[in-house]
Amino acid sequence: MELTTFQELTEEIATKCFYMTDCEQEEKVIQLIDLHHFIECYHSNFKILEYINHPVNIIEEHGIKKGILFYDIKHPTPLDFNLFEAFKRQNHLKEMWFVFVEEDAIVHSEKYFRFIIENCIEIFYDKIFLFNFFQSTIKELK
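The structure presented is a predicted model; accordingly, all values stated were derived computationally and were not measured.

The rules behind each value
- Residues numbered from 1 in each chain as written.
- Predicted model: local features only at pLDDT ≥ 70, side-chain atom pairs only at ≥ 80, totals over all residues.
- Heavy atoms only, no water.
- Salt bridge = Lys/Arg side-chain N within 4 Å of Asp/Glu carboxyl O.
- Helix = DSSP H or I, 4+ residues; strand = E, 2+ residues; numbered from the N terminus.
- Buried < 20%, exposed > 50% of the residue type's maximum accessible area, 1.4 Å probe, protein only.
- Pairing = 2+ DSSP bridges.
- Axes fitted to C-alpha atoms, helices over the stretch in contact; angles between N-to-C directions.
- Contact = heavy atoms within 4.5 Å.

A. Quick look at the pattern of salt bridges. One pass over the structure, following the stated rule, counts seven salt bridges. Its salt-bridge partner being E12, residue K16 comes within 2.9 Å of it at the nearest N-O pair. Taken together, the residues K16 and E12, both in helix α1 (residues 3-16) and four residues apart, mark about one turn of the helix. According to the relative accessible area criterion, K16 is partly exposed, its value standing at 48%. Residue classification places E12 among the partly exposed positions, given a relative accessible area of 25%. Among the ionic pairs, K111 bridges to E102, the shortest N-O distance being 3.8 Å.

B. Layout of the sheet that holds strand β3 (residues 64-71). Pairing within the open sheet is mixed, and its six strands lie in the order β1-β2-β3-β4-β5-β6. The open sheet has two free edges, formed respectively by β1 (46-50) and β6 (137-140), since each of these has just one partner strand. Neighbour-to-neighbour, the strand axes of the sheet open up by a mean angle of 30 degrees, direction not taken into account. Pairing of strand β5 (residues 127-132) with β6 involves four bridges; the strand directions are antiparallel. Looking across to β6, one finds that F131 is bridged to I138. In the packing of helix α4 (residues 109-118) onto the sheet, the strands contacted are β3, β4 (95-102), β5 and β6, and the crossing angle to β4 comes to about 145 degrees.

C. Looking closely at unusual backbone geometry. Positive phi is not limited to glycine here, since H62 has a value of about 55 degrees. Secondary-structure assignment places H62 in the loop between β2 (56-61) and β3. Overall, H62 belongs to the exposed group, its relative accessible area being 64%. The backbone of S136 sits at a positive phi, close to 55 degrees, despite the residue not being glycine. In this fold, S136 is placed in the loop between β5 and β6.

Here you go:
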């Protein structure tokens, strides 16, 4: 992502998300960075439709609307599957993707598979990925 694009998008977040705390705005910026870098690494023709109002990003790929949730296992947040299912229906999403974001050079996949099983992630999400941010690699887990 170019610096000018990044600055424009962070200004947009600051303007549109004025009601959020500084910490929440920072999380939104991280979500946006993850989204843009994931798209660059995925090598597909994605169009970003929505990322401001929800933790799930809405993208379109070849006319199909999809939701992408980025998740950092080191900073766990509660997952409300009922909320995500309702979001999927309300926004007419055909697929929901769950993307673990990893920043370490050495990835221990077993912790991700354990998390998937313990939290029944595979039931609610059509695809599950492990995205190593700094190595710019994406591994499909489901």
